[in-house]
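Coordinate inspection notes
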Amino acid sequence: MKYQFLIPFFLASVSLAGCWSVQDIDVVNPDEGASDSDTDTDTDTDADADTDSDTDSDTDTDTDVNGCDYAIPMDTAATFVQGMLEQIDDINHYSITLAAGDFVQIFTDIHNGDGTLSLLDPVITLWNADGTALLATADDQIPRLDMDSELIYHAPTAGTYCVAIEGWEHWSGQTAGLTTNWHYAMAALLMDPSQIGWSSDFLHPEAETNDTIADANDMTSMAVGSSNTTYGRAYGDLSGATDVDVFTYTLPTEAVATSIGFYKPFGAGSSGGGGVQGHGSTLTDGMFTLTDMSGNVISTLDVSFDGADWVTPNNPPDANVPMAGGTQVAVHFEGGTGWTPGANDFYVLEIINQTSDNTGEVETNDTAGTASTTTFAANTSGGESGFVMGAIDPAGTDVDYWEFDALAGEEIALACGAASNGSGLVDATFAIHNASDTLIQEETESGYDSILWSSATGASMPPISVSANATYYLVISAASQSAAMTANHYRCAIHRGIP
Ligand SMILES: [Ca+2]
Ligand SMILES: [Ca+2]
Ligand SMILES: [Ca+2]
Ligand SMILES: [Ca+2]
């Protein structure tokens, strides 16, 4: 899948590779990509001359929708299997055995073992044992770092599951493309802190009862990344309509914000043609609430996982809340508005405590003449980007101006978020004014839809074309503050470059 994150996400590097053994098997499935259907019926009756007689009758029908009948066993201890997709419609199949309640992470490594990238863009699909029911689909990791795939699944029942790997071109419905002799490595690893390959600081499975702050699962120790950023994964499942799972953690003293994101748990995805990912959770709507240790609500996100609430279905909104280092907080996870309990309501939250952030505003900056300064630096697209953050305080009164210069021939792209960033600002409006403080273009945030002015697919508005070297202003305001939470921040990325 080809899309680009425009809002910086301060992800610490989570290194999973490097310490596991590699099983060097070039996999050839007997019926790669094949489909067969057979029906047989036989009836026989016999009567023996001696003392017994028996009659038996059997009818069986089996339809193979893929090669799961020929799947090659794969362990759940991160032993890589290696194989090759010889042609565009190739699919290879493996089987894993899971106990009821197991969380497993299945992931690919397309780096050819020597750090060089293979061209392969793999897609993982997970099926029941005989391949008749699609359970989950993963094209990418979230956030997307490269073309590797990563899938997290919670087994509702014990048994054998079938893992299929194919190229993105085939999965997305193309019949011609570049897939020839693409090598891959793939592994499965139980998401259990005691498994080699994980750190107990990173994995925080829930332990019931954890429905209140007093009974919360304490993420006492979190994994440490570069620059003292800390991070962890909180996960579990909802046992009934009233279950709430509460986790607590403390920001490191160096932190300036905490980030909480949904690891796309929705739906089964699609087995081809539709290009829809899903991790197989039946949780259609999820909500988390960030509070202080007295239960006062700082931020909340109530998200429908059908993709209606955000631009890119694979990229649900996340809360990214400025906060003082050393603060202890609680995250309460529960079903969101519209959810009714399903058969496998699991969730995964990714929590990161940031030690750096976008450039902060300097009040008073309510007019063009007092605008805060935007700092630009070269980006990887050959242009320049400036990242800003601030608070609209109080909403309805405060206005924030950010000043920047643009050059003739450039385009100005903009990516902003308030409510979609866990803020309680209602109807936050993001505008670009010219040097005369005249409005050129503006957009008001709606629900959790991203503000994205770009020529990219999924953009909410087009970028702004610059005809002469000039000063511009990014101007931010909001209609009101939600009574349900105190967070009142916004973040923006301004990108300038020659299109
Ligand atoms: Ca639970
Ligand atoms: Ca609970
Ligand atoms: Ca402000
Ligand atoms: Ca202001």
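What follows covers the overall build of the protein. A tally of regular secondary structure across the protein gives one helix and 37 strands. Each of the 499 residues in the protein was classed as buried or not, and the buried ones make up 43%. Contacts in the protein between residues far apart in sequence, at least 24 positions, make up 77% of those at least 6 positions apart.

Here we come to the sheet that holds strand S9 (residues 134–138). For sheets, the rule is that strands pair by backbone hydrogen bonds, running either parallel or antiparallel. On the basis of which strands lie adjacent, the open sheet formed by five strands has the order S4-S6-S11-S8-S9 and mixed pairing. With one partner strand each, in any of the chains shown, strand S4 (72–73) and S9 form the two edges of the open sheet. Bridge count between strand S8 (residues 122–128) and S9: four bridges; the pairing is antiparallel. Bridge assignment links Thr-125 to a residue of S9, and that residue is Thr-137.

Further remarks concern the pairing of strand S12 (residues 182–190). Burial of S12 is extensive: eight of the nine residues sit out of reach of the surface. Bridge analysis of strand S5 (residues 80–85) against S12 gives five bridges, and the strand direction is antiparallel. Opposite Gly-83, over in S12, you have Tyr-184 as the bridge partner. Direction of pairing for strand S7 (residues 103–109) relative to S12: antiparallel, over a ladder of six bridges. Each bridged residue has a counterpart across the sheet, and for Asp-109 the counterpart in S12 is Ala-185.

Turning to the sheet that holds strand S25 (residues 372–373), a few remarks are in order. Strand order in this open sheet of five strands is S25-S28-S35-S31-S32, and the pairing throughout is mixed. Strand pairing shows two members of the sheet lacking a second neighbour, S25 and strand S32 (439–444), which therefore form its edges. Relative to strand S35 (residues 470–477), strand S31 (residues 429–433) runs antiparallel, the two sharing five bridges. If you follow Ile-432 over to S35, its bridge partner there is Leu-474.

Here we come to the environment of Val-297. For Val-297, the position within the fold is in strand S20 (residues 297–304). Through-space distance from the C-alpha of Val-297 to that of Val-331 is 9.9 Å; in sequence the pair is 34 residues apart. Dropping the residues within four chain positions of it, Val-297 is found in contact with Thr-289, Thr-291, Ala-484, Met-485 and Thr-486.

The subject of this paragraph is the nonpolar core. Formed by 121 residues in total, the largest nonpolar core has its most connected members in Val-104, Val-163, Val-331, Leu-349, Leu-414 and Cys-492. Broken down by element, the residue count for this core peaks at eight residues, all from S12. Ignoring anything within four residues of it in the chain, the contact list for Val-331 reads Ala-234, Phe-247, Ile-260, Phe-288, Leu-290 and Leu-349.

The next thing to look at is the pairing of strand S27 (residues 384–391). Direction of pairing for strand S24 (residues 359–360) relative to S27: parallel, over a ladder of two bridges. Of the residues in S27, the one forming a bridge with Gly-360 is Met-389. In this structure, strand S26 (residues 376–378) lies alongside S27, joined through three bridges in antiparallel fashion. Its bridge partner being in S27, Ala-378 is matched across the sheet by Glu-384. Between S26 and S27, which pair antiparallel and follow one another directly, the connecting turn spans five residues, one of which, Gly-382, has a positive phi of 90 degrees. Examined bridge by bridge, S27 and strand S37 (residues 489–497) share eight bridges and lie antiparallel to one another.

To continue, consider unusual backbone geometry. Cis rather than trans, the peptide bond between Glu-208 and Thr-209 has omega equal to 0 degrees. Relative to the helices and strands, Thr-209 resides in the loop between strand S13 (203–205) and strand S14 (217–218). Backbone torsion omega between Asp-393 and Pro-394 reads 0 degrees, so that peptide bond is classified as cis. Looking at the secondary structure, you find Pro-394 in the loop between S27 and strand S28 (400–406). At Ala-78, a residue that is not glycine, the phi angle is positive and equals roughly 70 degrees. A positive phi is found at Asp-427, a non-glycine position, where the angle reads about 55 degrees. A count of 15 C-beta atoms within 10 Å places Asp-427 in the partly exposed class.

Let's shift gears to the environment of Asp-201. Note that Asp-201 resides in the loop between S12 and S13. Taking C-alpha positions, Asp-201 is 8.8 Å from Arg-233, a pair spaced 32 residues apart along the chain. With residues near it in sequence (within four places) discarded, Asp-201 still touches Ser-221, Met-222, Ala-223 and Gly-232.

Looking at the protein, the pLDDT average stands at 84 and 81% of residues meet or exceed 70. Note on residues 1–65: pLDDT under 50 across the span, and 92 contacts to partners over four residues away in sequence or across chains.

Cut-off values and rules
- Residues numbered from 1 in each chain as written.
- Chains lettered and ligands numbered in written order.
- Predicted model: local features only at pLDDT ≥ 70, side-chain atom pairs only at ≥ 80, totals over all residues.
- Helix = DSSP H or I, 4+ residues; strand = E, 2+ residues; numbered from the N terminus.
- Buried ≥ 20, exposed ≤ 12 C-beta atoms within 10 Å, placed from the backbone.
- Contact = placed C-beta atoms within 7 Å.
- Pairing = 2+ DSSP bridges.
- Core = buried A, V, L, I, M, F, W, Y, C linked by C-beta atoms within 7 Å.
- pLDDT = per-residue confidence, 0-100.

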